[in-house]
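Below, each chain spelled out in residue letters.
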Amino acid sequence: MFKSILVVCVGNICRSPTGEALLKSKLQGRGIEVTSAGLGALVGKPVDSTAAEVMATAGYSLPDHQARQLTQNMLRSADLILVMEQKHLQSIHSMAPEARGKTFLFGKWLDSCEVPDPYRQQLPAFEHVFRILDKAADAWLPYLK
């Protein structure tokens, strides 16, 4: 049984907060804590304005989000760690080898799909990323009990 999920990207202002907001909403009432962090976080920054706009259009938000730098302690304490790209898996494995068995791509159940970084791109890139994360979050639901 999972009690805590950590969603990881690079800056912790676009992809991981979007994944966090989606999972929090979809897992509401299951008693699972969902948080996010970044491998190279823009510490203290809110959700990127375009990411926030796309989330709001779909009925999601994370208004109090502040980007956090990923730490070994976060990796140790999470029951499940979801990352956006293969290279994030490698970074986490070198940072905390013990996290290897609980770290997966967010898009694992979508043929191990990677989620591209929309940072500093136009609205369509953010909408594309949102659609991938939304489908991927739904695909995780049967496994998150």
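So, a few notes on the structure that sits alongside this text. Everything numeric here is computed off the predicted structure, so don't read it as measured data.

1. Comments concerning the sheet that holds strand E1 (residues 4-9)
- Reading across the sheet, the 4 strands line up as E2-E1-E3-E4 and stay open at both edges, with parallel pairing between neighbours. Of all strands in the sheet, those with a lone pairing partner are strand E2 (33-38) and strand E4 (103-105), marking the two edges. In this sheet, neighbouring strand axes are inclined to one another by 25° on average, regardless of whether the strands run parallel or antiparallel.
- Pairing geometry for E1 and strand E3 (residues 80-83), over 4 bridges, is parallel.

2. Looking at the packing of helix H1 (residues 15-26) against helix H5 (residues 123-140)
- Here H1 crosses H5 at 40°, and the two axes come no closer than 10 Å. Relative to H5, the element H1 is oriented oblique. You can see that H1 and H5 cross each other, and the crossing is right-handed. Contacts from Arg15, Thr18, Gly19, Leu22, Leu23 and Lys26 of H1 reach H5 at Val129, Phe130, Leu133, Asp134, Ala137 and Asp138.

3. Things to note about the packing of aromatic side chains
- Summed over all chains, the structure comprises 5 aromatic pairs.
- Ring geometry for Tyr60 versus Phe130: centroids 6.0 Å apart, planes at 50°, classification tilted. Highlighted residues: Tyr60 in the loop between helix H2 (49-57) and helix H3 (72-77) and Phe130 in helix H5, separated in sequence by 70 residues. Of the two residues, Tyr60 and Phe130, neither departs from the other in class, the shared state being buried.
- Among the aromatic side chains, those forming a connected cluster through ring pairs are Phe104, Trp109, Trp140 and Tyr143.
- Of note, Lys108 hangs over the ring of Trp109, and the distance from its end group to the ring centre comes to 4.7 Å.

4. Description of the pattern of salt bridges
- Per the counting criterion, the structure on display carries 7 salt bridges.
- Where Glu85 meets Arg15, a salt bridge forms, and the shortest distance between an N and an O atom there is 2.6 Å. Within this pair, whereas Glu85 is found in the loop between E3 and helix H4 (86-95), its partner Arg15 is found in helix H1, the two being separated by 70 residues in sequence.
- Here Glu85 falls in the buried class, since its relative accessible area comes to 13%.
- Between Asp138 and Lys26 there is a salt bridge, with its nearest N and O atoms 2.7 Å apart. One end of the pair, Asp138, is in helix H5; the other, Lys26, is in helix H1, with 112 residues separating them in the sequence.
- Take Asp138: its relative accessible area is 37%, and that puts it in the partly exposed class.

Cut-offs applied
Residues numbered from 1 in each chain as written. Predicted model: local features only at pLDDT ≥ 70, side-chain atom pairs only at ≥ 80, totals over all residues. Heavy atoms only, no water. Pairing = 2+ DSSP bridges. Helix = DSSP H or I, 4+ residues; strand = E, 2+ residues; numbered from the N terminus. Axes fitted to C-alpha atoms, helices over the stretch in contact; angles between N-to-C directions. Parallel < 35°, antiparallel > 145°, perpendicular 65-115°, else oblique. Left-handed = near helix turned anticlockwise from the far one by under 90°. Contact = heavy atoms within 4.5 Å. Phe/Tyr/Trp six-rings, centres within 6.5 Å; stacked < 30°, edge-to-face > 60°. Buried < 20%, exposed > 50% of the residue type's maximum accessible area, 1.4 Å probe, protein only. Lys NZ or Arg CZ within 6 Å of the ring centre and 35° of its normal. Salt bridge = Lys/Arg side-chain N within 4 Å of Asp/Glu carboxyl O.

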